[in-house]
Amino acid sequence: MNSGISKQGAAADSFIQHIAQGSYAFTCWDEFLDSFPVPVLLCDHTLSISQANEAFLIRSGFLKETMQGMHFRNLSVSLLSGESVWDAALSGRITSGVAEVVFPKGSGFYEIRALPTIPEGASTPVILIFFIEPDRPSEFPSYDSIRRSLSHQCEILAELDGTILSMTSGHRIPIPADVLGHNNILKWDVLAQNPAIQELTDEPGTEIRFMYEDTGSECSFLMTVQVCFVTLLKRSVLFLTVKEQIVPVHDSVGHVADYSALSLALEQLAHALSTGNFSHRFEIEDPDESLLFGITAINSMMEQVQQQFSALSEGISQMNSGWIPLSIQAPQEGPFTGIIQDLNGALDSLQLMIATVESFTMSVMEGNLTMKGDTSGLSGYYQAMVAGMNQMLVRLNTPLLEIKRVAKSYAACEFSARMDENIAYPGDFASMKESMDSIGIWCSAVVGEIDRVSSRYAAGDFTAHMSSKLQVSGDFTTIRSSLDNIGVQVSESITVLRNAADVLTIEAEGIKREIAAVSGQAETLAAYTAAVSDRAASVQEEVREMIASADTAMQALCEMNEKVQEVAQTSARTHEMSSQGVIHATQSREGIDAISEAASSVDSGISRIHAELISIEKIIRVVTDIANQTNLLAINAAIEAAHAGSYGKGFAVVASEVKHLAVQSKESTTSISQTLTALHDTFREVRDKVSQVQEEIASRSHAICEMVHLFEKMAGEVEVIASMSRETGVLSQEQERRIADLKQRARTIGELMIETARDAGASAQACASSCRSIEQISGHIEAVVRYAEEIHGGIRGFTV
């Protein structure tokens with residue numbers, strides 16, 4: 001807070017802070033505001049004044065009833081610095097600015113603070129405006145001091161709406177008293193009647209020049225009205241200046257010389273210059289010799305101005321089209337020489353700036369963000385721009401390097417890496433940082449889940465799977481499917497291996513038992529081998545008998561083979577009939593189901609018909625009542641007709657017919673009621689029959705299902721019998737071949753019996769050797785059993 005406005009400013013600041021923080025319950029207007037020591041206005045959001053406190057009324061001189069309904073723009077407030085009340089109304093934030101305010105009681109400088117707020121219980125905002133008086137008003141610059149501090153000559157300083165802010169005390173322009181009374185320069189007829197004045201805009205640089213001849217003083221003035229931006233005021237205002245004063249000249253006789261042609265030529269020249277027409281030349285018909293030198297000098301100056309202006313226009317045109325010339329080529333002498341030299345210096349700096357920007361661009365396109373622009377040959381905004389670009393590259397390169405570091409860690413499968421929180425991430429880099437961190441977090445979760453499942457696999461638990469709660473996409477979906485499939489396939493393989501080990505153990509035990517039996521048989525064989533020789537003779541006889549038996553067996557097998565073929569054909573026909581029986585039984589079941597549905601529909605229809613019959617009975621009862629009433633009405637009508645005598649004969653006939661119709665209606669309704677009763681009985685019988693049919697259908701359906709099951713079972717059994725018959729036929733044929741072979745071999749047995757006796761001794765030795773081999777095989781089988789037990793022990797730790 002400025003020390004010059006500390007007393008009232010401290011009070012206003014404290015009050016504003018309390019309202020902004022909500023510690024003061026602001027309910028629009030109250031006694032506290034009315035007695036507040038700082039002048040305060042209460043306005044709605046359109047800046048229409050609704051309340052003014054006592055301090056404002058005393059300081060301004062306004063009456064309370066005058067203030068209510070007045071708009072803030074009707075107050076004479078000229079902003080010197082800071083923000084205006086309008087800024088607060090448009091932006092909805094607290095503003096502060098220094099302004100000169102003209103009240104009826106006097107003018108002065110105030111720090112005006114505007115507080116937009118919404119009162120409790122209200123929906124529309126209001127604005128509190130505080131007028132804080134400084135302790136030392138001299139600290140604020142006046143409009144007179146601002147006008148005197150301007151670099152341009154200015155005799156009248158005015159707002160764009162014509163409000164006069166400051167005037168020189170000795171100005172040479174005779175302004176009428178009513179203009180000064182209204183304090184508005186645009187109300188002067190000289191300006192108000194000039195059409196160019198009406199087209200003035202707030203664009204700085206707009207300028208209007210014209211000649212004004214004061215008939216009272218017989219003087220002519222070259223007036224200039226210019227729109228200029230005043231930095232201290234932070235807005236555009238009007239500068240009114242007198243560029244030239246032409247004093248009337250008298251000749252030697254005392255007559256006033258006629259300079260109207262000179263004035264017109266000067267006015268035309270001024271107009272041409274003000275419109276940018278530098279090709280105009282100063283021309284007067286029959287000029288005075290004393291003016292020739294001045295006219296030549298003016299035209300020579302115009303020639304220089306035109307050449308330099310053309311050069312400037314060409315250079316500016318090139319710059320507008322995007323081409324920066326190396327320099328502005330123009331004559332060395334002229335009014336724009338300094339401007340051209342300054343512009344050439346600016347072009348040199350701009351060329352250097354362009355070269356620096358091009359170097360920047362090429363480096364960035366090549367991916368080199370570490371380059372720094374050289375600012376040694378630049379100054380001002382160019383130097384600040386290059387420094388800003390250097391800073392921009394630093395701010396771009398820093399997060400990019402960090403992204404590169406994290407991406408490199410991700411490439412090395414180090415997903416725990418995160419973006420450095422101490423680095424600034426401007427603009428889209430913030431979302432990129434979040435994306436990189438999200439990638440790391442997501443990949444860490446996926447890799448952690450893969451590590452968990454792999455660890456379970458390593459521990460022998462192949463029932464582990466990746467969590468279904470973990471959402472994955474892309475290649476990770478394939479990884480998850482592959483990892484889960486590994487567990488499934490390994491589990492299946494271990495199960496198969498375990499089953500194979502069980503079978504191997506069982507088979508090894510069986511082989512051991514068989515080997516024990518074979519070993520016993522080998523010992524027995526060795527014992528019997530000694531008797532083989534003794535029995536060789538008897539064997540020959542037995543062989544002959546065996547050949548005869550083989551012939552008999554061959555004949556029996558042929559007959560049995562024929563029977564087996566017949567059984568196979570019979571089984572095939574039986575299987576086909578069973579299949580047909582299954583099909584017919586299935587169709588019967590479907591028909592029974594359809595009949596059951598139809599019976600249900602019939603039952604439902606009977607229920608609806610029964611309901612309709614009940615409705616018809618109600619209607620019949622109503623009709624019966626109507627017939628009874630009609631009969632009574634006909635009797636009454638007949639009685640009345642009898643009373644009427646001859647006049648009621650026609651009515652009696654009608655009454656008789658009505659009675660006859662009533663009797664017929666009653667008889668019909670009675671007949672219909674009887675029919676309905678019979679229908680009720682019939683429907684009850686039908687419903688009972690339908691219920692019996694449904695029960696019978698349910699029973700038959702169950703029986704058919706059982707029959708289908710029996711047919712299916714029979715078909716399976718028949719298929720087994722057919723299969724066994726086919727196998728028996730095959731075995732019979734094989735047996736035939738073996739018996740034939742046996743006959744052939746039996747014939748040779750007799751021949752071999754002699755050799756058998758000779759080989760019996762060798763056979764005994766072979767049996768002993770076989771026993772030893774069997775003992776070795778038994779040892780190998782025991783080793784297989786041990787291996788099977790080891791396999792069991794190895795896979796016992798796996799969980800599948």
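Residues numbered from 1 in each chain as written. Predicted model: local features only at pLDDT ≥ 70, side-chain atom pairs only at ≥ 80, totals over all residues. Heavy atoms only, no water.

Participant: Can you walk me through the overall build of the protein chain in this structure?
Facilitator: Assigned secondary structure in the protein chain consists of 16 helices and 11 strands. Scored against the burial criterion, the 800 residues of the protein chain give a buried share of 31%. A fraction of 55% describes how many contacts in the protein chain between residues 6 or more apart in sequence connect residues 24 or more apart. Carbon and sulfur atoms form 56% of the exposed surface of the protein chain, whose accessible area is close to 48,000 Å². (Helix = DSSP H or I, 4+ residues; strand = E, 2+ residues; numbered from the N terminus. Buried < 20%, exposed > 50% of the residue type's maximum accessible area, 1.4 Å probe, protein only. Contact = heavy atoms within 4.5 Å. Areas by Shrake-Rupley, 256 points an atom, 1.4 Å probe, with all protein chains shown as cover.)

Participant: What exactly am I supposed to notice about the pattern of salt bridges here?
Facilitator: Pairing is possible between side chains of opposite charge, provided their charged atoms come close. Summed over all chains, the structure comprises nine salt bridges. For the salt bridge of Lys433 with Glu421, the shortest nitrogen-to-oxygen distance reads 3.0 Å. Of this pair, Lys433 sits in helix 14 (residues 428–458) while Glu421 sits in the loop between helix 13 (380–411) and helix 14, placing them 12 residues apart in sequence. A residue is classified by how much of its surface remains accessible, and Lys433, at 12% relative accessible area, is buried. Through salt bridges that share partners, Asp13, Glu111 and Arg113 make up one connected network. (Salt bridge = Lys/Arg side-chain N within 4 Å of Asp/Glu carboxyl O.)

Participant: Mind showing me how you'd approach the nonpolar core here?
Facilitator: Across soluble globular proteins, nonpolar side chains show a tendency to be buried alongside one another. Ranked by internal contacts, the top residues of the largest apolar core, which has 24 residues, are Leu41, Phe56, Met67, Phe72, Ile112, Ile129 and Phe131. At the level of elements, strand 1 (40–44), strand 2 (49–52), helix 3 (54–60), helix 5 (85–91), strand 4 (95–103), strand 5 (106–117) and strand 6 (126–132) are the ones that each hand at least two residues to this core. With residues up to four places along the chain from it excluded, the contact list for Phe72 reads Leu41, Leu47, Ile49, Val77, Val85, Ile129 and Phe131. Grouped together as the second largest cluster of nonpolar side chains are 21 residues, Ile197, Ile208, Tyr212 and Met223 included. (Core = buried A, V, L, I, M, F, W, Y, C linked by side-chain atoms within 4.5 Å.)

Participant: I'm lost on the confidence of the model for the protein chain in this one. Help?
Facilitator: Note: predicted coordinates in regions of low pLDDT should not be interpreted at a detailed level. Averaged over every residue, the pLDDT of the protein chain is 77; the share at 70 or more is 86%. Mean pLDDT per element in the protein chain: strand 11 (residues 235–246) is the minimum at 73, and helix 3 is the maximum at 94. The model gives residues 1–5 a pLDDT under 50, and that stretch makes 21 contacts with residues more than four places away or in other chains. Low pLDDT (under 50) marks residues 248–256, which in the prediction has nine contacts with non-local residues, meaning those over four places away or in another chain. (pLDDT = per-residue confidence, 0-100.)

Participant: Can you walk me through the state of the cysteines in this structure?
Facilitator: A disulfide bridge is the covalent bond that connects two cysteines by way of their sulfur atoms. This model, assessed by the stated rule, comprises zero disulfides. Unpaired in terms of disulfides, Cys413 finds its nearest cysteine sulfur in Cys443, a separation of 9.0 Å. (Disulfide = S-S within 2.5 Å.)

Participant: Would you mind going over helix 14 with me for this structure?
Facilitator: Given 3.6 residues to a turn, an α-helix orients residues that are three or four positions apart in the same direction. The terminal C-alpha atoms of helix 14, which comprises 31 residues, lie 44 Å apart, in line with the 45 Å expected from a rise of 1.5 Å per residue. Taken as a whole, helix 14 has its buried residues at Phe429, Lys433, Met436, Asp437, Gly440, Cys443, Val446, Glu449, Val453 and Tyr457. Residue Gly460 follows helix 14 closely and has a positive phi angle near 90 degrees. (Expected span 1.5 Å × (residues − 1).)

Participant: Is there a simple way to think about the layout of surface pockets in this case?
Facilitator: Rolled over the atoms, a probe as big as a water molecule pinpoints where empty space is left. When its volume is computed, the largest pocket comes out at roughly 630 Å³. Lining the largest pocket are 22 residues, and of these Val77, Ser78, Leu79, Trp86 and Glu159 sit closest to its centre. Of all the secondary structure elements, the ones that give two or more residues to the lining of the largest pocket are strand 3 (76–82), helix 5, strand 4 and strand 11. Counting residues per element, the lining of the largest pocket draws most heavily on strand 3, at five residues. (1 Å grid on protein atoms, 1.4 Å probe; cavity = no way out; pocket = protein on both sides within 12 Å on 5 of 7 lines; lining within 4 Å. Points joined across faces, edges and corners; volume = space filled by probe spheres on them.)

Participant: Please explain the environment of Gly648 as it appears in this structure.
Facilitator: Relative to the helices and strands, Gly648 resides in the loop between helix 15 (475–644) and helix 16 (649–795). Expressed as a C-alpha distance, the spacing of Gly648 and Ala638, which sit 10 residues apart in the sequence, is 8.6 Å.

Participant: What is the right way to look at the packing of aromatic side chains in this model?
Facilitator: The geometry of an aromatic ring pair is captured by two quantities: the separation of the ring centres and the angle between the planes. Scanning the entire structure with this criterion turns up 13 aromatic pairs. Seen in terms of ring centroids, Phe32 and Phe36 are 5.7 Å apart; in terms of plane orientation they differ by 55 degrees. Their pairing is tilted. Relative to Phe131, the ring of Tyr110 has its centre 6.2 Å away and its plane inclined at 85 degrees; by these criteria the two rings are edge-to-face. One end of the pair, Tyr110, is in strand 5; the other, Phe131, is in strand 6, and 21 residues separate them in sequence. An identical accessibility class is assigned to Tyr110 and Phe131; each is buried. Feature note: the residues Phe15, Tyr24, Phe32, Phe36 and Phe130 constitute an aromatic cluster, connected by ring pairs. (Phe/Tyr/Trp six-rings, centres within 6.5 Å; stacked < 30°, edge-to-face > 60°.)

Participant: Before we go on, may I ask you to explain unusual backbone geometry in this structure?
Facilitator: Leaving glycine out, the prevailing phi sign among residues is negative, and the prevailing peptide bond configuration is trans. Despite not being glycine, Cys28 shows a phi value in the positive range, around 90 degrees. Here Cys28 shows up in the loop between helix 1 (6–21) and helix 2 (31–34). If you check the backbone angles, Cys413 has positive phi at about 65 degrees while not being a glycine. With respect to the element layout, Cys413 can be found in the loop between helix 13 and helix 14.

Participant: Would you mind going over the side chain of Arg113 with me for this structure?
Facilitator: On the secondary structure map, Arg113 appears in strand 5. The class for Arg113 is buried, based on a relative accessible area of 8%. There is a polar contact of 3.0 Å between the side chain of Arg113 and the side chain of Glu111. (Polar contact = N/O pair within 3.5 Å; in protein donor to acceptor, adjacent residues only side chain to side chain.)

Participant: Please clarify how the sheet that holds strand 2 should be interpreted in this entry.
Facilitator: Strands belonging to one sheet form pairs held by backbone hydrogen bonds; the direction of such a pair is parallel or antiparallel. In space, the six strands of this open sheet follow the order 2-1-6-5-4-3, with antiparallel pairing throughout. Two strands close off the open sheet at either side, each with one partner strand: strand 2 and strand 3. The mean inter-strand angle of the sheet, taken between neighbouring strand axes irrespective of direction, is 30 degrees. Relative to strand 4, strand 3 is paired through six bridges, and the arrangement is antiparallel. Paired with Gly82 across the two strands is Gly97, which belongs to strand 4. (Pairing = 2+ DSSP bridges. Axes fitted to C-alpha atoms, helices over the stretch in contact; angles between N-to-C directions.)

Participant: Help me understand the environment of Ser50 in this model?
Facilitator: Summarising the element assignment, Ser50 is placed in strand 2. On the accessibility criterion, Ser50 (33% relative accessible area) is partly exposed. Not counting residues up to four positions away in its chain, the partners in contact with Ser50 are Leu42, Cys43 and Gln68.

Participant: Honestly, helix 12 (residues 337–365) in this entry has me stumped. Any pointers?
Facilitator: When the terminal C-alpha atoms of helix 12 are compared, their 41 Å separation across 29 residues agrees well with the 42 Å that a helix rising 1.5 Å per residue should span. For helix 12, the set of buried residues is Thr337, Ile340, Leu343, Asn344, Leu347, Leu350, Met353, Thr356, Phe360 and Ser363. Immediately downstream of helix 12, the backbone of Gly367 shows phi near 85 degrees, a positive value.

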